[in-house]
Amino acid sequence: MQSLLFFIIALAILVVIHEFGHFWVARRCGVKVLKFSVGFGKPLWQKQGKDGTQYILAAIPLGGFVKMLDEREGDVADEDLDKTFNRKPLRSRVAIVAAGPIANLLFAVMAYWIIFMVGIPGLRSIVDEVVPESPAAYAQLIGGDEILRVEGRDTPTWLAVHKALARIAESGGSAELSVNTGSAEVSRSIDIPKWQFDPDAPESLLQVLGISPINIALKPVLGTILEGGPADRAGLQVGDELIAADDVLIGSWSAWVTLIRANAEKALTVNIKRAEQNISVILTPQRTAEDVGQIGAGVDVSKTTVPAGLETELRYSPISAIGQAVLETWQFSSSTVKSLGGMLTGTVSSKNIGGPITIAQYAGASAERGVMSFLSFLAMISISLGILNLLPIPVLDGGHLAMYIVEWLRGSPLSEQAQLQGQKVGMVLLLMLMFLAFFNDLSRLFG
């Protein structure tokens, strides 16, 4: 229920931002806006504004729309003809349609700006171990080295290191690392194979490179529970401390993960501590495609005390944060476009597409970790929403922009019949994409 609540909150925020982009530019271009709706279907609340626009909050929170005065949708009074969308010059119509996705991208920049100013906490990027004959070993990295920068960009935390390396791994190549060896700062060059995030992949990018980050034994306390997953069905709750499973004591989160992965489809008697009470539950890890167990739960890292010397954060001044926020938005947008292109060519798995269930789960999990985590989630979804709407699919903003490009090239708009047929094709494509997203959601949920 909590995931659903935060999913609705996230969607409402992003829909308002997107539709406000259309609304604001339409008004600046002299177009009369009839309706501004958040959601579809039966109105739950509506009010006529002094500007003549009807503001609506509807029952189905899966989108929204801005309805503008348009001769193609009904009769228009003579005195309002100059306020119709269809009579505006091409540049105005392009600006109005593009304003929604642009608003989503600008929101992401603002969100990242706040996040970078507040700071992103994490562990110092100190290497624990290096696998022999791995890319990291060939780059002469050793245990104890601290990766200060990747390609000149500061990487004080392991999250920053991973993100910087992952961007290079999208196409493969080499990266220049600035490394503190303890006695001097040196430069190292590491070859990075082509790698894309895959939820079913057995190894992370750092594992592929042969790097083991410095390890902190995390206290085995549950921080997230996947709704409908084995942990949820067993009655486990956020905040539960894991004590033992089948009388085997659990000393750390890594020990718990090892135990779960080794006991797929086996019923375990798990002893937990909840609000000073000792409780036992029966937990059966579900088997994954890699033939290991999983329960759909995450650790609460805030319950683990990190040695002061290993804690750090990635933070920028208000001015520097602007550039970093723009860069982060650009790089995430670029990665999204490359992933979409990879799905079309078959080089990236379509399993990466998530639907409402997956988004709701991430919304709830991010909200549990705090305001900054939820804001980061909003930024990523806002970028994805903006990029998705720019796809040249009729019924989406990108489809309208594509038709405007055709209109610009041929000197006149496409016929209404051609536009209608295009919308039918676009609707079919959109429904197929939604079906794939729902299918992936259900596959992850029920294995």
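A quick note: this is a predicted structure, and the numbers were derived from the prediction, not measured. (Residues numbered from 1 in each chain as written. Predicted model: local features only at pLDDT ≥ 70, side-chain atom pairs only at ≥ 80, totals over all residues. Heavy atoms only, no water.)

**Focus: the confidence of the model for the chain**
Logical step 1: The predicted model of the chain averages 85 in pLDDT, with 90% of residues at 70 or higher.
Logical step 2: Taking the mean pLDDT of every element in the chain, the minimum, 66, falls on helix 9 (residues 356–368) and the maximum, 95, on helix 2 (residues 90–118). (pLDDT = per-residue confidence, 0-100. Helix = DSSP H or I, 4+ residues; strand = E, 2+ residues; numbered from the N terminus.)

**Some points on the side chain of S134**
Logical step 1: You can see S134 is positioned in the loop between strand 4 (127–130) and helix 3 (135–138).
Logical step 2: When residues no more than four places from it in sequence are discounted, the contact partners of S134 are L209 and G210. (Contact = heavy atoms within 4.5 Å.)

**A look at the sheet that holds strand 11 (residues 241–245)**
In any sheet, the strands associate via hydrogen bonds between backbone groups, in a parallel or an antiparallel arrangement.
Logical step 1: Spatially, the four strands line up as an open sheet ordered 12-11-13-14, and their pairing is antiparallel. With one partner strand each, in any of the chains shown, strand 12 (248–249) and strand 14 (277–283) form the two edges of the open sheet.
Logical step 2: The pairing of strand 13 (residues 268–274) with strand 14 spans seven bridges and is classified as antiparallel. Looking across to strand 14, one finds that I272 is bridged to I279. (Pairing = 2+ DSSP bridges.)

**Thoughts on the packing of aromatic side chains**
Logical step 1: Applying the stated criterion across every chain, the model contains eight aromatic pairs.
Logical step 2: Summarising the aromatic geometry, the rings of F23 and Y55 are spaced 6.2 Å apart at their centres and angled 65 degrees between planes, so their arrangement reads as edge-to-face. In this pair, F23 is assigned in helix 1 (residues 2–28) and Y55 in strand 2 (residues 54–68), connecting sequence segments 32 residues apart.
Logical step 3: A relative accessible area of 9% means that F23 is categorised as buried.
Logical step 4: Taken together through their ring pairs, the aromatic side chains of F20, F23, F36 and Y55 make up a single cluster. (Phe/Tyr/Trp six-rings, centres within 6.5 Å; stacked < 30°, edge-to-face > 60°. Buried < 20%, exposed > 50% of the residue type's maximum accessible area, 1.4 Å probe, protein only.)

**Considering the environment of H18**
Logical step 1: Residue position: H18 is located in helix 1.
Logical step 2: Residue classification places H18 among the buried residues on the basis of a relative accessible area of 5%.
Logical step 3: Taking the C-alpha atoms as reference points, H18 and I102, 84 residues apart in sequence, are found 8.0 Å from one another.

**Comments concerning the sheet that holds strand 8 (residues 185–192)**
Logical step 1: Judged by pairing direction, the sheet is antiparallel, and its four strands sit side by side in the order 6-5-7-8 without closing on themselves. Each edge of the sheet is formed by a strand with only one pairing partner; in this case those strands are strand 6 (153–154) and strand 8.
Logical step 2: Pairing of strand 5 (residues 146–150) with strand 7 (residues 173–180) involves four bridges; the strand directions are antiparallel. For E146, the partnering residue across the bridge sits in strand 7 and is N180.

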